[in-house]
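Residue strings, one per chain:
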Amino acid sequence: MDTLTLEKEIYNKINSYRKAQGLTKLTYLSENVQSCRQHSKRMGDKWQLFHVSKLDSVHARAEIIQLNFTMSQTVLETAQSVLETFTDSPPHKNIMVSAYLSISVGVFITDDEDLWVTIRFY
């Protein structure tokens with residue numbers, strides 16, 4: 001699976017969801033994607049979910065993460081699964097519908113095809 005395409009589709013799904021909620025579109029901050037990817041890789045390598053303890057170190061105001069076992073799906077289906085996981089979690093849903101202006105998405109797929117996702121809001 002092409003991770004860059006998946007990152008963009010997750011971004012598009014979040015913006016579509018926000019639009020349906022009457023919210024503005026988030027700007028994509030590509031300069032912060034590498035940091036999100038590194039965070040996802042670190043979680044995948046350790047097989048451990050964790051949030052950044054000091055968001056100011058990555059200049060973000062919120063972060064949501066996910067582990068998903070849907071690698072047999074298409075990119076669009078996987079992006080939809082990521083969105084549904086977040087919208088099914090009230091704390092993560094609240095982050096997605098807050099008054100943030102920008103977003104960065106970084107994914108990592110392990111050799112065992114486990115998907116790790118980091119999304120930061122700015």
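Summary of the structure given here. (Residues numbered from 1 in each chain as written. Predicted model: local features only at pLDDT ≥ 70, side-chain atom pairs only at ≥ 80, totals over all residues. Heavy atoms only, no water.)

**Points about the packing of helix H1 (residues 3-20) against helix H3 (residues 75-87)**
Formally: Angular values range over 0 to 180 degrees, each being the angle between N-to-C directions of two axes fitted as lines to C-alpha atoms, with helices fitted over their stretch in contact. Strands are runs of DSSP state E lasting at least 2 residues, helices are runs of H or I lasting at least 4, and numbering of each runs from the N terminus. An angle counts as roughly parallel when it lies under 35 degrees, as roughly antiparallel when it exceeds 145, as roughly perpendicular when it falls between 65 and 115, and as oblique in every other case. The hand of a helix crossing depends on one turn: near helix anticlockwise from the far one by less than a right angle means left-handed, and clockwise means right-handed. Two residues form a contact once any of their heavy atoms are found within 4.5 Å. Just so you know the grouping, Ala, Val, Leu, Ile, Met, Phe, Trp, Tyr, Cys and Pro go in nonpolar, Asp, Glu, Lys and Arg go in charged, and all remaining residues, Gly too, go in polar.
Remark: H1 packs on H3, axes separated minimally by 9 Å, with the N-to-C direction vectors making an angle of 50°. In this view, H1 runs oblique relative to H3, as classed from their interaxial angle. Where H1 crosses over H3, the two elements pack in a sense that is right-handed. Packed against H1, whose contacting residues are Thr-5, Leu-6, Glu-9, Ile-10, Lys-13, Ile-14 and Tyr-17, the element H3 presents Val-75, Leu-76, Thr-78, Ala-79, Gln-80, Val-82, Leu-83 and Thr-87 at the interface. Among the residues forming the contact of H1 with H3, the class breakdown is nine nonpolar, four polar and two charged.

**Re the pattern of salt bridges**
Here is the rule we go by: Salt bridge, as used here, is a side-chain nitrogen of Lys or Arg placed within 4 Å of a carboxyl oxygen of Asp or Glu. Burial status follows relative accessibility: with a 1.4 Å probe on protein chains alone, a residue under 20% of its type maximum counts as buried, one over 50% as exposed, and anything between as partly exposed.
Summed over the entire model, instances satisfying the criterion amount to two salt bridges. Across the salt bridge formed by Glu-7 and Arg-37, the nearest N and O atoms sit 2.7 Å from each other. Here Glu-7 is found in helix H1, whereas its partner Arg-37 is found in helix H2 (residues 33-46), with 30 residues between them in sequence. The buried category is assigned to Glu-7, whose relative accessible area is 0%. For the salt bridge of Asp-45 with Lys-41, the shortest nitrogen-to-oxygen distance reads 2.6 Å. In this pair, Asp-45 and Lys-41 both sit in helix H2, four residues apart, roughly one turn of the helix.

**Regarding the side chain of His-92**
Mapped onto the elements of the fold, His-92 is located in helix H4 (residues 90-96). Exposure remark for His-92: the relative accessible area of 19% places this residue in the buried category.

**Here's the deal with the nonpolar core**
For clarity, the threshold we go by: The term nonpolar core refers to a set of buried residues drawn from Ala, Val, Leu, Ile, Met, Phe, Trp, Tyr and Cys, joined through side-chain atoms within 4.5 Å.
Ile-10, Ile-14, Ile-103, Val-105, Val-117, Ile-119 and Phe-121 are the most contacted members of the largest nonpolar core, which totals 22 residues. It is H1 that contributes the most residues to this core, five residues altogether. Ignoring anything within four residues of it in the chain, the contact list for Ile-14 reads Leu-26, Leu-83, Met-96, Ile-103 and Ile-119.

**Some thoughts on H1**
The test is simple: Between the first and last residue of a helix there are one fewer steps than residues, each counted as 1.5 Å, and that sum is the expected span.
With 18 residues, H1 ought to run about 26 Å at 1.5 Å a step, and its terminal C-alpha atoms sit 26 Å apart, in line with that. Turning to H1, its buried residues number three or more, namely Leu-6, Glu-7, Glu-9, Ile-10, Tyr-11, Ile-14, Asn-15, Tyr-17 and Arg-18. The elements touched by buried residues of H1 are strand S1 (27-28), H2, H3, H4, strand S3 (102-109) and strand S4 (115-121). Looking one or two places after H1, you find Gly-22, whose phi comes out positive at around 80°.

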